[in-house]
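# Fold and contact review
One letter stands for each residue in the lines below.
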Amino acid sequence: MELIFNFLLVGIGLTMLYFGADRLISGSTSLSRKFGINPLVIGLTVVAFGTSAPEFVVSISSAMQGLSDVALGNVVGSNIVNIGLILGVTAIVSPIAVSKSVIRKEIPIMIGVSFLLLAVIIDGKIDLIDGALLVTGIIVFTGFSYRSSKKYTDTEKTPSQILQKNIIPKSILFIAAGLGLLTFGSFLTVDNAVIIGNSFGISELFMGLTIIAAGTSLPELITSIVAAKKGHAELSVGNIVGSNIFNILAILGISSVISGITVSDQVLVDVGIMLAFSLVLLPIMRQGFSISRKEGLILIAGYVGYVVFLLYRQ
């Protein structure tokens, strides 16, 4: 009976995630048009950082409790989920158009950050110095994104949007409400999913890489699908790429500054797999500057294969 109640709460959490994503997308796109900011930049920063809030809280609290496998596994697993599952599902719902800018700049940055994580953890830990390096990286990336937004010339602004004086507070309210629903909905879903997982005797590392990672990535999933269905492909791609960069640089950086993270040999393998998922995006996106439904199926198949590998390894 208790498990049925947990499943019901998961359903409520998912509903909150959907409506939160809808409000976040509406507010973000309106704000980007009002100020002439590239929707991709909004996706890389405001949307990506906002949808990464659950990963942020889960990883930091786990690091403070000495649960290094959960803290690191949550970030690595979330990044794999973002590429394999979320981009895959989103592409099946609606093929994703990808700009040349993403392929030339943002994807290489995401790959570079993934290589940086591999270099940092090779000694079996992420200490204070490593954390400071990662945090510096997110500051530089945010500055880079801001400079990119300054170069963007808005061509989508309509006279009605210019004359609508209350669009800014309304957009900010939508963004705040969306982030709030996404955060609380994610926690509600994750907490009850973990209870369900514990009832089946699932290990800490496996839970961090799968159940918790997938649960904390639900905001990215719902946001990306809603963005794609509304025709905002830039937000969809920017959300995933920005989230992956934020997860590594900001979340792991701050977590390791607060409390050093111990890295197990198993996680080294998972980081290598995360890097492989990042690298495979380049040839996929370069072919037709899009992610087709067929390529979405390939990404999902890759993620399913990874989960099977984890089940075999457990």
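Here is a short report on the structure shown in this document. Note that the structure is predicted; figures quoted are calculated from it, not measured. (Residues numbered from 1 in each chain as written. Predicted model: local features only at pLDDT ≥ 70, side-chain atom pairs only at ≥ 80, totals over all residues. Heavy atoms only, no water.)

## Here's the deal with the overall build of the chain
For clarity, the cut-off: Secondary structure elements follow DSSP: runs of H or I no shorter than four residues count as helices, runs of E no shorter than two count as strands, and numbering proceeds from the N terminus. Buried residues are those whose accessible area, probed at 1.4 Å on protein chains only, stays under 20% of the maximum for their type, while exposed residues exceed 50% and partly exposed ones sit between those limits. In this analysis, two residues are considered to be in contact whenever any of their non-hydrogen atoms come within 4.5 Å of each other. Accessible surface is estimated by sampling points in the Shrake-Rupley manner with a 1.4 Å probe; for residues, cover comes only from the protein chains shown.
When you go through the chain residue by residue, the secondary structure sums to 14 helices and four strands. A buried classification covers 52% of the 314 residues belonging to the chain. Of the contacts formed within the chain by residues at least 6 apart in sequence, a portion of 87% connects residues at least 24 apart. Summing over all exposed atoms, the chain offers an accessible surface of approximately 13,300 Å²; the carbon and sulfur share of this is 70%.

## Some thoughts on the packing of aromatic side chains
For clarity, the cut-off: Classification of ring pairs rests on two measures: the distance between centres of Phe, Tyr or Trp rings, Trp counted by its six-membered ring, which must be within 6.5 Å, and the angle between planes, read as stacked under 30 degrees, edge-to-face over 60 and tilted in between.
In this structure the tally under the stated criterion is one aromatic pair. Between Tyr-303 and Tyr-306, the aromatic rings sit 6.4 Å apart at their centres with planes inclined by 45°, giving tilted as the arrangement. Taken together, the residues span about one helical turn, with Tyr-303 and Tyr-306 both in helix 14 (residues 293-313) at a distance of three residues. By relative accessible area, which is 9% here, Tyr-303 ends up buried. Given a relative accessible area of 4%, Tyr-306 falls into the buried group.

## A short note on the side chain of Glu-295
Within the fold, Glu-295 resides in helix 14. Non-local contacts of Glu-295, meaning those with residues more than four positions away in its chain, are made with Ile-284, Gln-287 and Ser-290.

## Some thoughts on a nonpolar patch on the surface
Threshold: Candidate patch residues must exceed 30% relative accessible area and have no salt bridge, after which like charges are joined if within 9 Å and Val, Leu, Ile, Met, Phe, Trp or Tyr side chains if within 5 Å. A carboxyl oxygen of Asp or Glu within 4 Å of a side-chain nitrogen of Lys or Arg is what we treat as a salt bridge.
A cluster of nonpolar side chains, namely Leu-3, Phe-7 and Phe-200, defines an oily patch on the protein surface of about 330 Å² accessible area. For Phe-200, the position within the fold is in the loop between helix 8 (167-199) and helix 9 (204-209).

## Observations regarding the nonpolar core
Short version of the rule: Here, nonpolar core refers to any group of buried Ala, Val, Leu, Ile, Met, Phe, Trp, Tyr and Cys residues whose side-chain atoms link them within 4.5 Å.
Membership of the largest hydrophobic core comes to 58 residues, with the highest contact counts inside it found for Ile-107, Ile-126, Met-285 and Ile-291. Every element with two or more residues in this core is listed here: helix 4 (68-93), helix 5 (100-121), helix 6 (128-150), helix 9, helix 11 (218-229), helix 12 (233-258), helix 13 (265-286) and helix 14. The leading source of residues in this core is helix 12, at eleven residues. Once you skip the residues sitting within four places of it in the chain, Ile-107 turns out to touch Val-102, Val-241, Leu-281, Leu-282 and Met-285. Formed by eight residues, the second largest nonpolar core is a distinct cluster that contains Leu-24, Leu-31, Ile-42 and Ala-227.

## A word on helix 3 (residues 53-64)
The line we're drawing: Residue count minus one, scaled by 1.5 Å, sets the expected span of a helix.
In this model, helix 3 (twelve residues) spans 17 Å end to end at C-alpha, consistent with the 16 Å of a helix rising 1.5 Å per residue. Looking one or two residues past helix 3, Gly-66 carries a phi angle of roughly 80°, positive in sign.

## Description of the packing of helix 3 against helix 12
Using the following cut-off: Angles run from 0 to 180 degrees between N-to-C directions of axes, and those axes are lines fitted to C-alpha atoms, restricted for helices to the stretch in contact. Roughly parallel here means an angle under 35 degrees, roughly antiparallel means over 145, roughly perpendicular means 65 to 115, and every remaining angle is called oblique. Definitions for this section: a left-handed crossing has its near helix turned counterclockwise from the far helix by less than a right angle. A right-handed crossing has that turn clockwise. We call Asp, Glu, Lys and Arg charged. Ala, Val, Leu, Ile, Met, Phe, Trp, Tyr, Cys and Pro are nonpolar, and the rest, Gly among them, are polar.
Contact pair helix 3 / helix 12: the axes reach a minimum separation of 9 Å and the direction vectors enclose 25°. Our classification of the angle between helix 3 and helix 12 gives roughly parallel. For the pair helix 3 and helix 12, the sense of crossing is right-handed. Two secondary-structure elements touch here, helix 3 through Glu-55, Phe-56, Ser-59, Ile-60, Ala-63 and Met-64 and helix 12 through Phe-246, Asn-247, Ile-251, Ile-254, Ser-255 and Ile-258. Residue classes in the contact of helix 3 with helix 12 are distributed as eight nonpolar, three polar and one charged.

## Some points on the packing of helix 5 against helix 12
Interaxial distance between helix 5 and helix 12 falls to 10 Å at its minimum, and their mutual angle equals 30°. In terms of axis orientation, helix 5 runs roughly parallel to helix 12. Note on packing geometry: the crossing formed by helix 5 with helix 12 is left-handed. Listed contacts from helix 12 to Val-102, Glu-106, Ile-107, Ile-109, Met-110, Val-113, Ser-114, Leu-116 and Leu-117 of helix 5 are Val-237, Val-241, Asn-244, Ile-245, Ile-248, Leu-249 and Leu-252. Of the residues in the contact of helix 5 with helix 12, the class split is 13 nonpolar, two polar and one charged.

## Focus: helix 12
Operational definition: The angle separating two fitted axes, one through the seven residues that finish at a residue and one through the seven that start at it, defines the bend at that residue.
For helix 12, built from 26 residues, the straight-helix expectation of 38 Å at 1.5 Å per residue is met to within 8% by its first-to-last C-alpha distance of 36 Å. A bend of about 35° at Asn-247 is the largest found in helix 12. When you tally the buried positions in helix 12, you get 22 out of 26 residues, the bulk of the element.

## Focus on the environment of Ala-177
On the secondary structure map, Ala-177 appears in helix 8. The class of Ala-177 is partly exposed, set by a relative accessible area of 34%. Along the primary structure Ala-177 and Asp-22 are separated by 155 residues, whereas in three dimensions their C-alpha atoms are 10.0 Å apart.

## What about the pattern of salt bridges?
Scanning the model with the defined rule gives one salt bridge in all. Ionic pairing is found between Lys-125 and Asp-123, a salt bridge with its closest N-O pair at 3.2 Å. Residue classification places Lys-125 among the partly exposed residues on the basis of a relative accessible area of 37%. By relative accessible area, which is 44% here, Asp-123 ends up partly exposed.

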